[in-house]
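# Structural overview
Here is what each chain is made of, one letter per residue.
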Amino acid sequence: MFKEHFDEDQFCLYYSGHFNDFFTSKLISIVDTEVDKRISKKVAFLVAESFQNIIKHGGDYPVTPLSSLFGIRSRFNFIHIFSTNKVDAWQKVFLEKRLRSINRLGPHELKEQYLDKLRRGTLSEKGGAGLGLIEMVRRSRRNIQWDYFPHKEKFSFHMQVDLMRDRNVLTDEKDVLQIKENNWVKDTMYHQSVVFIYQGEFNDEIISPMLAMLETNMEQNSATGFTIFHTSVEMMQNISRHGKKDKEGRVRGIFVLQRFEDHFYVSSANYPNVPVEEITTKIEDTNSKSVDQLNEDYRTFLKESVLEDGSNAGVGLIDLRRLTGTPIDMQVEKDEFGEFVMLGLKIPMKKNG
Amino acid sequence: MDRVEIAATEMSPSVRLEVQGEMEFVGRSMMEDASTFYLPVHEWLRTYMADPSEEIVLRFDLTYFNSSSAKQLLKILMTIDDSELQAKVVWSYPEKNDVLYDRGAELAIMVDIPFEFDPK
């Protein structure tokens, strides 16, 4: 489902859960590896501003239609930064007024507003906008898209900043992602209990900050927390280790984390560089075995791997199966690029963590 | 033979290798390619084994390690096990983390080196 929706994205990341300042640097380091150095500072600023808005309101769990969400997508010649927050009716009216006002200002007026506010810490007549929003429009040089959805007595307020990657490239306005597309993502994430999606390149430089973000949602030193973390590590590294390289020599894939009331579900997908039949056989074999048999296999294969060169231990899937006690799910789709393999694993929440 | 000290990173543990016969690994070991990281450790061990002290103590205080690292940790243990070195392992783990205890207990089954378990 998400694969089709993000097919035209160079990369994307969505997160809904606990938010804190620690994330900002992690998110920026993920984005930094994916964007052109010429715009990385602008992107970092826009990410930080969007994030700060969310942090002020705080993330929450369990996830509701009003929960905060952060998303970033690189698509065609644009980077789209999407954020949502829970607001009261009066905050919604205030924000709408502010955004309409800022979106009407030209570049010169925006600069005036910005300098005026800096100088005096107040707002001029034409404005009515906070510094953050003014800067977002100034730096992106485009109007902020916004939308809202009522839920009980509150609103989920959505904003999207669109930044052109390269102003020298001829761009079709049709390439600008409309906010309704991200509204769909938020809605789908809510209904599918998705708390994290990443599509893009997989390597240690990107995996490390992603795991740091996910860790804050896991109880440290609990068995469940350890299992989710380990599953995430092994699945992400499975992509980077066994993924087919694209034209630019990069290994790409998708990683999704879902959180339900009594379990987590971790899934990943990519085009593998090994025959799919090999993967199918391995998984069927692993799924058919008891925990005792899996423990024995793990020890045997790990010992054998020590005698072989290379980084691969060949026991990742066995380890996940025996640790979770649940079968590994597998689905294969064929398209013009080859066979797309999706793996998924349910991680029950244990009573003591 | 030199002492070796490697600082920890987000993906790799701190490593301390002492000529008096001590190897210490602290933190997390989760590099995709753990073999490159542990190469100097294996090289140090080979050199140490040519002129060892009375006993070598291996201290593991890891809060996490991935499958690629598990291979390297076992390789270190098997190298010592296959030699005639006197050795012991001190396996520290967070007290509430049964999984990390189990990981240590499993390595203990796979080699003939005494393990001491130290919950923290």
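Residues numbered from 1 in each chain as written. Chains lettered and ligands numbered in written order. Predicted model: local features only at pLDDT ≥ 70, side-chain atom pairs only at ≥ 80, totals over all residues. Heavy atoms only, no water.

## Side note on the overall build of chain B
From N to C terminus, chain B includes three helices and six strands. Moving toward the C terminus, one meets the helices and strands of chain B in the order β-β-β-α-β-α-β-α-β. For the C-alpha atoms alone, the extent of chain B along its principal axes is close to 40 × 30 × 20 Å. Accessible area for chain B stands at about 5,400 Å²; split by element, carbon and sulfur atoms hold 47% of it. (Helix = DSSP H or I, 4+ residues; strand = E, 2+ residues; numbered from the N terminus. Areas by Shrake-Rupley, 256 points an atom, 1.4 Å probe, with all protein chains shown as cover.)

## What about the overall build of chain A?
What chain A contains, in helices and strands, is 12 helices and 10 strands. Rg of the C-alpha trace for chain A: 22 Å, near the compact-globule value of 20 Å for 353 residues, within the 12% margin. Taken along its principal axes, the extent of the C-alpha atoms in chain A is 75 × 45 × 30 Å. The contacts of chain A with a sequence gap of at least 6 include a subset with a gap of at least 24, amounting to 71%. For chain A, the exposed surface amounts to about 16,500 Å²; the carbon and sulfur share of it is 50%. Side-chain charges of chain A comprise 48 positive and 52 negative groups, with the mean position of each set lying 8 Å from the other. (Rg over C-alpha atoms; globule rule 2.2 N^0.38 Å. Contact = heavy atoms within 4.5 Å. Lys, Arg positive; Asp, Glu negative; His and termini not counted. Charge placed at Lys NZ, Arg CZ, Asp CG, Glu CD.)

## A look at the sheet that holds strand S3 (residues 78-87) of chain A
Hydrogen bonds along the backbone pair up the strands of a sheet, which may run parallel or antiparallel. Residue and element names in this part refer to chain A. Strands sit in the order S4-S5-S3-S2-S1-S6-S7-S8-S10-S9 across an open sheet of 10 strands; the sheet is antiparallel. Only two strands of the sheet have a single partner each, and these edge strands are strand S4 (145-151) and strand S9 (329-335). In this sheet, adjacent strand axes meet at a mean angle of 15° when their direction is disregarded. Along the sheet, helix H10 (residues 276-288) contacts S9 and strand S10 (338-348); its crossing angle with S9, the most-contacted strand, is approximately 165°. (Pairing = 2+ DSSP bridges. Axes fitted to C-alpha atoms, helices over the stretch in contact; angles between N-to-C directions.)

## A few points about the confidence of the model for chain B
When pLDDT is averaged across chain B, the result is 95; 100% of the residues are at 70 or more. The ipTM assigned to the predicted complex is 0.94, against a pTM of 0.91. (pLDDT = per-residue confidence, 0-100.)

## Re empty space enclosed by the protein
Residue and element names in this part refer to chain A. A complete count under the given rule lists three cavities of 30 Å³ or more for this structure. In this structure, the largest cavity spans a volume of roughly 60 Å³. Ser 16, Val 63, Thr 64, Ser 67, Ser 68, Leu 69, Lys 186, Met 189, Tyr 190 and Val 194 are the residues that line the largest cavity. In terms of residue count, helix H7 (residues 179-191) provides more of the lining of the largest cavity than any other element does, three residues in total. Residue composition of the lining of the largest cavity, grouped by class: five nonpolar, four polar and one charged. (1 Å grid on protein atoms, 1.4 Å probe; cavity = no way out; pocket = protein on both sides within 12 Å on 5 of 7 lines; lining within 4 Å. Points joined across faces, edges and corners; volume = space filled by probe spheres on them. Nonpolar A, V, L, I, M, F, W, Y, C, P; charged D, E, K, R; others polar.)

## Structural notes on the interface of chain B and chain A
At the interface, 30 residues of chain B touch 33 residues of chain A. Taking both partners together, chain B and chain A bury about 2,800 Å²; carbon and sulfur atoms supply 54% of that area. Together, Glu 32, Tyr 64 and Lys 71 of chain B form the three largest contributors to the area buried by chain B at its contact with chain A, with a combined 25%. Linking chain B to chain A there are five salt bridges. Close ionic contact of Glu 215 of chain A with Arg 28 of chain B constitutes a salt bridge, the shortest N to O distance being 2.7 Å. Linking chain B with chain A are 17 residue pairs in polar contact (both at pLDDT 80 or more). Elements that contribute at least two residues to the side of chain B that touches chain A include exactly helix H1 (34-50), strand S4 (56-65), helix H2 (67-81) and helix H3 (98-110) of chain B. No other element matches the eight residues that H2 of chain B contributes to the side of chain B that touches chain A. Taken together, the residues of the side of chain B that touches chain A sort by class into 14 nonpolar, seven polar and nine charged. (Buried area = accessible area lost by both parts, 1.4 Å probe. Salt bridge = Lys/Arg side-chain N within 4 Å of Asp/Glu carboxyl O. Polar contact = N/O pair within 3.5 Å; in protein donor to acceptor, adjacent residues only side chain to side chain.)

## Observations regarding the sheet that holds strand S2 (residues 14-18) of chain B
Reading across the sheet, the six strands line up as S1-S2-S3-S4-S5-S6 (chain B) and stay open at both edges, with mixed pairing between neighbours. The two strands at the open ends of the sheet, each matched to only one other strand, are strand S1 (4-6) and strand S6 (115-119) of chain B. Within this sheet the neighbouring strands show an average axis-to-axis angle of 10°, counted without direction. Across the sheet, helix H9 (residues 223-242) of chain A touches strand S3 (22-29) and S4 of chain B, and the angle it forms with S4 of chain B is around 90°. In the packing of H1 of chain B onto the sheet, the strands contacted are S1, S2, S3 and S4 of chain B, and the crossing angle to S3 of chain B comes to about 170°.

## Topic: the layout of surface pockets
Residue and element names in this part refer to chain A. As a volume, the largest pocket reaches approximately 820 Å³. Breaking the lining of the largest pocket down by element, the ones donating at least two residues are strand S1 (9-15) and strand S7 (252-259). For the lining of the largest pocket, a count of residues per class yields six nonpolar, four polar and 14 charged. Approximately 590 Å³ is the volume found for the second largest pocket. Lining the second largest pocket are 29 residues, and of these Asn 238, His 242, Ile 279, Lys 282 and Leu 317 lie nearest its centre. Among the secondary structure elements, those contributing two or more residues to the lining of the second largest pocket are H9, strand S8 (263-270), H10, helix H11 (291-306), helix H12 (316-324) and S10. With six residues, the single largest contributor to the lining of the second largest pocket is H9. Taken together, the residues of the lining of the second largest pocket break down into 13 nonpolar, nine polar and seven charged.

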